[in-house]
Amino acid sequence: MVMAENREAEIDKNDNLYLGIDVGSVSTKFAIINDNMELIYSTWARSHGSPIKSVQDGFKEMQNDFIDYESQIRAVGTTGSARYLTKALVGGDIAKTEIIAHAVAASYFVPGVRTILEIGGQDSKVILLENGIITDFAMNSICAAGTGSFLDHQAHRLGIPIEEFGDYAKRSKTDVVIAGRCTVFAESDMIHKQQMGHSKEDIIWGLCNSLVRNYLNNVCKGKKLLPPITFQGGVAANDGIRRAFEKHLGQKIIVHKNFLTMGAIGAAMLAREYIEINNIKTKFKGFNVGEMKFTPKAFNCTDCPNQCEITYVEQDDGTIIARWGDRCGKWTL
Amino acid sequence: MIVIKKRIGIPRSLLYYKYFPLWKTFLEELGVEIVLSDRTNSKIIDIGGRYAIDEICIPLKLYYGHVLNLLEKNIDYLFVPRYVSTTIGTYFCPKFLGLPDMVRGTIDNLPPIIEFEVNMQKRPMYLSAYKLGKVLHKSTWQIKKAYEKAIKDYKYFRQLMVDGLSFKKALNVLNSKNRNFKPKKKIIDYVAKIAIIGHGYNVHDSFINMNLINKLNKMKVNVVTLENLPLEIFKNQTVITNTLENYWGNEEEILSAVNYLFETKDIDGIIFICSFCCGPDSLIDEIMARDAKKLKIPYIGLVLDEHSGQAGVITRVEAFVDMIVRKKNNIRIIYKKPTMPIGIINKSEKEVGAEF
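Residues numbered from 1 in each chain as written. Chains lettered and ligands numbered in written order. Predicted model: local features only at pLDDT ≥ 70, side-chain atom pairs only at ≥ 80, totals over all residues.

**Things to note about the overall build of chain A**
Across its full length, chain A carries 9 helices and 15 strands. Once local pairs closer than 6 in sequence are excluded, the contacts in chain A between residues at least 24 apart make up 65%. (Helix = DSSP H or I, 4+ residues; strand = E, 2+ residues; numbered from the N terminus. Contact = placed C-beta atoms within 7 Å.)

**Remarks on the overall build of chain B**
A tally of regular secondary structure across chain B gives 13 helices and 11 strands. Burial status across chain B gives 38% buried among its 356 residues. (Buried ≥ 20, exposed ≤ 12 C-beta atoms within 10 Å, placed from the backbone.)

**Some words on the confidence of the model for chain B**
Residue and element names in this part refer to chain B. Of all residues in chain B, 89% have pLDDT values of 70 or greater, and the mean over the chain is 84. Overall, residues 337–351 carries pLDDT values under 50, and its contacts beyond four positions in sequence, including any with other chains, amount to 19 contacts. ipTM for the predicted complex: 0.87, alongside a pTM of 0.87. (pLDDT = per-residue confidence, 0-100.)

**Remarks on the nonpolar core**
Counting 175 residues, the largest nonpolar core has A:Phe137, A:Ala268 and B:Ile270 as the members making the most contacts within it. Once residues within four sequence positions are removed from consideration, A:Phe137 is found in contact with A:Ile99, A:Lys125, A:Val126, A:Ile127, A:Leu128, B:Ala319 and B:Met323. (Core = buried A, V, L, I, M, F, W, Y, C linked by C-beta atoms within 7 Å.)

**As for unusual backbone geometry**
For the bond running from A:Pro227 to A:Pro228, omega is -5°, close enough to zero to count as cis. If you check the backbone angles, B:Asn211 has positive phi at about 60° while not being a glycine. Tracing the backbone through its elements, the reader meets B:Asn211 in the loop between helix H9 (200–203) and helix H10 (212–218). Among the residues examined, B:Asn211 registers 17 C-beta atoms within 10 Å and is labelled partly exposed. A positive phi angle, near 60°, is found at B:Lys296, a position not held by glycine. The residue B:Lys296 is located in the loop between helix H12 (279–295) and strand E10 (299–304) in this model.

**Points about the domain arrangement of chain A**
Considered domain by domain, chain A is made up of domain 1 (4–103 + 263–291), domain 2 (111–255) and domain 3 (295–324). Placing the centre of domain 2 of chain A and that of domain 3 of chain A at their C-alpha centroids yields a distance of 38 Å. (Domains from an automatic or database assignment.)

**A look at the environment of B:Arg50**
Secondary-structure assignment places B:Arg50 in helix H2 (residues 42–51). Once the C-alpha coordinates of B:Arg50 and B:Gly65 are considered, the two residues, 15 residues apart in sequence, prove to be 8.8 Å apart.

**What about the sheet that holds E10(B)?**
All names here are of chain B. Taken together, 4 strands build an open sheet; the order of strands is E8-E7-E9-E10 and the sheet is parallel. Pairing within the sheet leaves two strands with one partner each, and these edge strands are strand E8 (221–225) and E10. Across the sheet, the mean angle from the axis of one strand to that of its neighbour is 25°, orientation sign disregarded. Of the strand pairs in this sheet, strand E9 (residues 269–275) and E10 are connected by 6 bridges, and their pairing is parallel. Looking at E10, one finds that Ile 270 is bridged to Tyr 299. (Pairing = 2+ DSSP bridges. Axes fitted to C-alpha atoms, helices over the stretch in contact; angles between N-to-C directions.)

**Let's talk about the sheet that holds strand E2 (residues 33–36) of chain B**
All names here are of chain B. Reading across the sheet, the 4 strands line up as E2-E1-E3-E5 and stay open at both edges, with parallel pairing between neighbours. Two strands in the sheet have a free side with no partner beyond their single neighbour: E2 and strand E5 (113–114). Direction of pairing for strand E1 (residues 7–10) relative to strand E3 (residues 77–79): parallel, over a ladder of 2 bridges. From the neighbouring strand, Gly 9 faces E3, where its bridge partner is Leu 78.

And the structure:
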């Protein structure tokens, strides 16, 4: 199910194309760029549990439009928490972390960017740059408060679509303080505030503020956030959070129009960089990846007391394209 | 008189990763068979966690696990030294001070514990060793001979690590009885030189740190641990501020090492591994992070516990290495910049950022 598709440039027969795939905890993103860094195609869709299926669905969507241009794909990069799995599935050239991918893409699209706030489905990160070079980053460690999954959950509980969160926040008239230390307590505090008679609008705006406070105090601890500041990742779709950031930072927060697919674009850029520096050919399997059959399997290794759970993915011809989960490394492919 | 049987169990945990080479030679010279617990595995972590109180740090939970693992190995004695202080002016954390009592109070059906105090504030190391020898009913002459050999071996072992060997490799050399081995200076091709700093039991136990050193080596990183640094840097007590002297034993080493790296700058980045709920570590983590920031040396603190998700740690480490490599080689995005400015960019020359 494609939820957001974007095409900015027409494809040319002589173009070199670069594909980036970002498979996160909640959504799967694809981006195709050309040599001039024009966005040929990008898409964002919810993952619905299975990363393999999500990637394949994405390829099925692309197949019709791009099968003729398959030979023009010069490099494929993957990122996100399922980057290694995706790399194995599609024949990617590199797998890089979201942090690097987001930073690389943002440093191109937002020239001079110094601070990237990136909040995704299950992690939140802050990346600091100087002259296009990453100087520092941080990631939420023991707390997932304020990430997309929590907002999704709360929207569902309040009975409003997540897409309308921002509008609700905008209509708020009064500030309501929601305990933001921990999502569990934030939720009980929200219920309490509802029972006290506060409006949904005020509570949602209060929630946005408390999440931003939590993010700034936990993830950005000890960091100096300099402008220009961009806000990326799925949560940037939420205008309430953006406005809360502006309120707390006293700065203009830029949300670039490609904020959702920034990671995928970054992965494509990194793949291009890798191919060009090393002067090699892509390992891309082709757009028919969507049609292939991949079967994930697992077993428990009983060779030592660790009893690692080994998972592997079998392609339809019986070859094992990925295997991991072991601590000692003897199964890893 | 106790008749000393041969098998002494040593948990492969905590200060095993620091003083085992010393006690190994000493005990073997006194005619004792050493039985080590298995390398840390998920079973050891599970049973250790079950016995330990919740608030305790993961290395101590592991210690219980290792002790329980040893109980399956038919040992006659359990070796649990009470480390109080090994350098003048510093002390170990209270959990080390009470370790034999904690083990005794927690686990039933223990064999007799060989317990002796290592406290440099009160007595030099050889007197501690003498006490241990006497527990084993050895003559002063036997003890003296064994201790001299042990010290020689320990120094050799430390030198091997200074010459660049990892803990595991240096221990293998020590086990081989070859005392003339000289590690070859290999010229390896690496993308970055990163120091992994932390307590020996976090850095050298590949289970607890999720095989971090191997993972970094696979990324072509030249890994340095604090044992690989010159010995003389650990001789002087570190001073945190002008007035405040550090008094924690393990942290003393860490601070010395990090200060040395900060001075020489012969490093591309520092990874500090600490265990969740380690009080002293949480303090020095902040101190080191601030100093690193001033010196613009990339620094990251990784907090480990038994619940640590591997994915988060790996993402952080990969990003850290990538950040360093890109910084080092000055890799910027070289394609032509977009002609249309996208979004509104606040072009103030003053640095008006908010600090957290």
